[in-house]
Each structure stands twice: as structure tokens, then as C-alpha cells.
Amino acid sequence: MTFRLLTILAMAACGAALAQGPAMPPLLGFSPAASVEHRRVESQFMSTVSSDAISNIHRRVTRTPHVAGSTASMEVAEEIRRALADAGLETEVHEYHVLLSTPRSVSVAITSPRQQVLPVTEPAMAQDPDSAHPELGPGYVAYSASAKVASPVVYVNYGLPPDYARVQAAGVDVKGKIVIARYGRSHRAVKIHTAQQAGAAGIVIYSDPADDGFARGLTWPEGPWRAESQLQRGNGKYSWFWHGDPLSPGSAATRDARVLDPASAPTLPRIPAVVLSWKAASEILTRLEGPPVPAGFQGGLPFTYRLGGGRLTVSLNVQMDTSRRPIRNVIGRIRGRDLDRWVMLGTHHDAWTFGGMDPGGGLSTVFEVARGLSALKKTGWMPERTLVFAFWDAEEFGLVGSTEYAEAFAQELREKAVVYINTDLYMRGRFDGGGTPSLRDFLVQVARDVPAPSGTGSVYDGWRADEWRKVPAERKRAGDAGFEVELAALGSGADFVAFQDHLGLPTLQMEFDFEGSYGTYHSNYDTRWYVERFSDPGFAVGRTLAQVLGLSVMRLAAAQALPFRYSHYGRKIGEFLDSASTWNYDEEGRGVVKLNLLSPRRLAAVFTNNANALERQIDAALTSGTLTPTAAKSLNDGLVRLEQALLDETEPAQERWYRHVIYGWNIYSLYEGQPLPGLAEAIRLRDQGAVDREVARIETALTRLLKAVEGLSAGAAK
Ligand SMILES: [Zn+2]
């Protein structure tokens, strides 16, 4: 179907609704009458969402540093459980025993030409008393190998494979050396793994001011960007093998679970890794000799960066306590009429330090949604489906709590969960929505119905304007009349991964985003003080985010027909297949492998048509009020499992934990999604056999999807 025809249909649908009276178009998945009633309840919820309430819970969960596995983290978990219970929710705590990693000692020193110990801690600052908390420790990389190494140093820019190729081309050898890489453009684990593969002895990762410091804007405490002594902690787990506990792929890490031997687990780094602030790192960088760096390697410090050579040697001594420890997920539940259909909204509760923004922002808004909807239920509102609010532990160690839960309850979730919605840190800025394309139209409608934090226009207006800004100039010339936002493909970086890539649930991730990064990320200064001054003064954005999340949950919990638009999914798959052909070109524009995507393309087109026909049937049945409860139940039971048709489950989790054929994680980006991940990798490796297998895999998945949608109808039972 053409876009024009869709627009006409959409206009016709609006016209029908307007003719019947209501000023707003009917909600996706609701009859016109049910829409009017539902919007009335929604406005009740909207008015109860309170910045003060968000601020209150935020204060309670950001008092102390509470890294996963610590007593303080258990206390935060209990604080949340108690607050949920006080708000009237049923609560559960799920404990897992997972491999965590914290430092016994970390030291970095220049050993030649003269001895100089470099700071690995962050100084206390008078402006923010939290920064003097006695429990704050050094910066470190969780899961770093424990080792002591000393050697000359090579600067490798962002530490990605093309950077190493250029270092090698300049005649500099990294084998046996300590490499120094700057943060940015990929997860830190990719930098560690790339260094390990290149034969480096160890790696120093630092925050360059060009990426999140003074080159971006005013620095802490004057502005939000990273100051000279602020460093970034984080995990170094090789999560592209599987997410969650590094030792238990595909099954829950219960207390007596059988787990892999850490000595051979592919998820754990084999070289030591440390993190430094730019001030500490500049002591190394200024002393590097050898050739000046190639274009694109120069960072923001005021001297010429060099690749390495000369007399400089550095020693790293990292001793980690990497051991299995308990973590606790907290779940709050609001019962609907149907206890066996769940709408899930999740975030995490563990933090590297105080978690002012990460995750204090997201956590507090999710809690506010739970509080508001529980209060609404007391006034008589009864959701059709059950609402599940999840507060995961050990997200910072690589989505550990959410993944163990997803693995523990895999069967139940695949049967009962209608959707998984996630949020995490946010910062005042533009709304950003990611997720599976079946939920694009749904989220657009929600975002249109929530006023922007500024009070001017809707959340959608800001989102669309921002997406339009990113459109290539060529496309811009055609004008923005037909322009619609797309949900960003979800890769990694937050707790949606197990639900999307391992279980095949429809998924959404929502946030407000400033400029992709911020200065206190994973540092001692990610505190309430920072939130009050920079990320969300007055929690105005938190209030808006809670409204968007709340309306999403309410609509998904109450819709007569689940508001998925699989026709859009089909079109997106078609687009991905089209772009796959372009991945296949070398520099001269020749195809590097034989790639025949005719059959998957045809399947995607047929699926799109069938999904379209089904959606017209659903909308007609809703408009005319002829969708019977029996037909709706059978329709919804089918719709909710369509996404799962896209999983490839032919191999055990240890071999293939990322089972989604259409979506995956592009590890050579920060956290971006990679459409058709298996095919993309096979083409990148120029492996014809793998390409053929991946095309067959896509074809099989699309055949399953097509078959699944063919059985669905909005009419009487078949
Ligand atoms: Zn987070």
C-alpha cells in the first residue's frame, strides 16, 4: 500500500470519529465510545502525576552510593519495595546469585622516564557534599582481568578495529603494549576486546574533553559537561555473546545453578582495564612520542597527540574481587481483570555511585506511574490487563537482573507479557522513543496526547521536529508534509534487551535526551545535586515522562484490540532488506558476496498486505462496535505472539542467545540497533556460506510470521 492511500484511510478514520462527536480521534485499539471513556480516566491520571512526588522518591533512592551486590543496594531495593507496598501494589522480590566484580585495588603509574602515580579516584568537591561520601571508591572497569603489567604505551583513538588498522599503517606495533583509548563511539567492552584481540597487554580508557568535556560546553560545576578529574566507571563484560550473568547463558543464576567456569567464559576480559579522567590521562598523552596521530585521532587537549614511542612506560595493577553475589529485583503488581496478560514497565535501581540521573531519573518516574495508577484503581478504575512494574538490579553490570528474570520466567513471559516498556536515565531535552515498529503508531498517538514539559505543543511536536532535523538535506527538499517519526531500532544499553532479543516481546524504550551524553555519567558526581541543577530542575521533565509512560501503560492495559500495527513492521522489514543490498558494496561499488533477497522481500510485501487487511478489519469492527469479546480474545492472543515468530530458536542459548532475526546490537556503535544483525555480520566478514544461511534464516522467520498473521481475524471465531 502506498503512503498516500494510508493517509487517506487515516483521514477517513478521523472523519468517522469526528462525525460521531468526540473532538479527539479514537484511540488505537478502542471503539469510539470506549475511547471517550478511557480518555476521561486518563485525564484523571494525568492530573495526579506530580513533580513533588517524583522528587520525594528520588531523594529516597539517591542518598548513598549503592552499587549492585552491596548492602546499600539491598537497602534501596527494600526502600522501593516498601514504597510500592505503601502505594497499594502487591510486591515480590526475586533474588539471583550472579557474577559481580568490584575492585580490591587499582593503580596506574608512569614508571619511566620518572616514577609518577596517577590518580584513579575523584576528589571531593565542596559544591556537592555527596562527592565526599566515605564509601566512594576508585574508578574501575568491572570484570577487568586481575593482573599487573608494565610496558610502553600506544594511543589508539577510540580503540575500534579501523583505528588499529591506521595505527598499524603508521608503523606502530601494539603487541605487548598498554593501549590508551578514549571513551565514545562504542561500549567500553568493545575497546577492551579489540585491544585483547590485537595482543595488547592492558588498556587505559579515559574521557577526552572533545567527547564529553570542555569542548562540548561548560563543565561541572558551571555546566553539565565532564570536569578535569571526573572519570567514567562501567562494566567491561563482552555482552555480545549473551547479556546478563556472564556465567549462565539462557538460564537463571539461582543460588545453586550450575554455571560456567570463569576461566573459560567468553564473556570475561582477559587483559586488565582501567579508567582515568582526562587530567590523569594527559600525564600519559603529553609524554607519548613517535608519529603525530592520523586525522580523526586528535582529541580536545591542547597539544599534538602522538601514537607512541620514546621512553615512556606505564604500569597497571588491577586486583578485582570477581565473585558470585546476591542481587534483588523488585516487582510491583496492579491486578487487572485478566491476571494472565501483563503490561510491563521496567527500569533499574542499582547505580555505580548515587544514581542521581542513572537510574534515579527513570526509577522515580516509573515509581510515579505505579503510584498514580494504584491511586486511580482505588477510585474505581479497573485495567483489563495486569500491570507489572519492575525495578531491576545489576543493570550496570550488563543488564544482569532483568536478564536473569527474563530467563527464569521465559515461558510465562512469552505466554503472558503483552509488551515490555523500559526507561532509564533521562535529561531535559527532546523526547526519544525506540522499539519494535509494530508500536510506532501507538507511541505517536500517546506522544501527541501529552503536553511538552515547556507547556508549548505536545511531546510529539518536539520529537518530530528533532527527527526532522536529523533527516538528510536531500530528503528535506521534498518538504515535511509526509514525514513521520520512526522508532529507533533498539540495540543495547538498557534493560529491554532480554525481552526483545531473547524472548521476542514487543518492546519500547523511552527517554528524554540532551546530547547523547553528559558529564557526570558513571562518576561520583551523578548525584541529586546534579539533577537539581542540570538534568531536570524541579522534575518537570520527569513529570512529562511519567505521563507518557503512564498513558502507554493504561492504553495497552485497556485496549479492546491490542494496538499493534504490524503492517508498519512489514514495511520496515522491506526497508531493511533494501538497505542490506547497499551493505554489500565495496569501495568500487561491486557486490562482495552473492546476495539474493527476492524471496524475503516478497514475503515481507505479502505480510505487509495481510497485516494491512487485518488492521482495516479490526478498525472497522471497533468503529461499528462488532468486535465481540470472544473474537477480541482470540485476536489478541495471536497478536501478542506475532513478534515471537521472528526468533530463531534452533540453537542453544550459549550458541545463540540473541535470537531475534530482525533486530540486534551494532557493537561498533554506542548502543544502536542493527537491523538483520546476522546478515550484516556475514556480509561484513564476506562469508558467502554465512550469507546464504542468514538469508535462509530470514526467509524462515518471515514465513513463520506470515503464517501467524494469516490465522488472525477480527471477526467471529474461525
Ligand atoms: Zn542506567
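Small disclaimer: the values here were computed from a predicted structure and weren't measured.

Caption draft 1: Fine view of the overall build of the protein. The secondary structure content of the protein amounts to 22 helices and 17 strands. Taking 718 residues into account, the globule formula puts the C-alpha radius of gyration at 27 Å, and the protein, at 26 Å, falls close to it. The proportion of buried residues among the 718 residues of the protein is 59%. Counting contacts in the protein only where the partners sit at least 6 residues apart, residues at least 24 apart contribute 80% of the total. Element-wise, carbon and sulfur atoms account for 52% of the exposed surface of the protein, whose accessible area totals about 26,600 Å². Side chains of the protein give 75 positive and 79 negative charges; the mean places of these two sets differ by 1 Å.

Caption draft 2: Representation of the coordination of the zinc ion within the structure. For the zinc ion, the full set of protein donor atoms is His348 (NE2), Asp358 (OD), Asp424 (OD) and Asp424 (OD), at a range of 1.9 to 2.5 Å. Between consecutive donor residues of the zinc ion, the sequence gaps follow H-x9-D-x65-D. Pair noted here: His348 is in strand β11 (residues 338-348) and Asp424 is in the loop between β13 (417-422) and β14 (430-435), with a separation of 76 residues, a long-range link.

Caption draft 3: Region of the structure containing the pairing of strand β10 (residues 313-334). Summarising the sheet, strand β1 (residues 90-112) and β10 pair through 21 bridges and their orientation is antiparallel. What sits directly across from Glu95, in β10, is Arg328. One ladder, built from five bridges, connects strand β4 (residues 147-151) with β10; its direction is antiparallel. Pairing of Lys148 across the sheet is with Asn317, part of β10. Summarising the sheet, β10 and strand β12 (residues 385-392) pair through five bridges and their orientation is antiparallel. Paired with Ile334 across the strands is Leu387, a residue of β12.

Caption draft 4: Broad picture of the nonpolar core. By size, the foremost hydrophobic cluster in this structure holds 118 residues, and its most contacted members are Leu373 and Phe389. Take this core: its biggest share by element is 10 residues, from helix α17 (residues 540-558). Not counting chain neighbours up to four residues away, the residues in contact with Phe389 comprise Leu89, Val330, Ile331, Gly332, Ile334, Leu345, Val366, Val369, Ala370 and Leu373. Leu285, Leu312, Met320 and Ile331 belong to the second-largest nonpolar core, a separate cluster that totals 101 residues.

Caption draft 5: Structural view of the pattern of salt bridges. Evaluation of the coordinates by the stated rule reveals 48 salt bridges. The partner of Arg287 in a salt bridge is Glu283, with the nearest N and O atoms 2.9 Å apart. In this structure, the salt-bridge partner of Lys416 is Glu412, at a minimum N-O distance of 2.9 Å. With Lys416 and Glu412 both in helix α11 (residues 410-416) and four residues apart, this pair spans about one turn of that helix. Judged by its relative accessible area of 14%, Lys416 is buried. When its relative accessible area of 27% is taken as the criterion, Glu412 is described as partly exposed. Salt bridges sharing partners connect three or more residues here, namely Arg60, Glu78, Glu79, Arg81 and Arg82.

The rules behind each value
Residues numbered from 1 in each chain as written. Predicted model: local features only at pLDDT ≥ 70, side-chain atom pairs only at ≥ 80, totals over all residues. Heavy atoms only, no water. Helix = DSSP H or I, 4+ residues; strand = E, 2+ residues; numbered from the N terminus. Rg over C-alpha atoms; globule rule 2.2 N^0.38 Å. Buried < 20%, exposed > 50% of the residue type's maximum accessible area, 1.4 Å probe, protein only. Contact = heavy atoms within 4.5 Å. Areas by Shrake-Rupley, 256 points an atom, 1.4 Å probe, with all protein chains shown as cover. Lys, Arg positive; Asp, Glu negative; His and termini not counted. Charge placed at Lys NZ, Arg CZ, Asp CG, Glu CD. Donors = N, O, S within 2.8 Å, 3.2 Å for Na, K, Ca; no water. Pairing = 2+ DSSP bridges. Core = buried A, V, L, I, M, F, W, Y, C linked by side-chain atoms within 4.5 Å. Salt bridge = Lys/Arg side-chain N within 4 Å of Asp/Glu carboxyl O.

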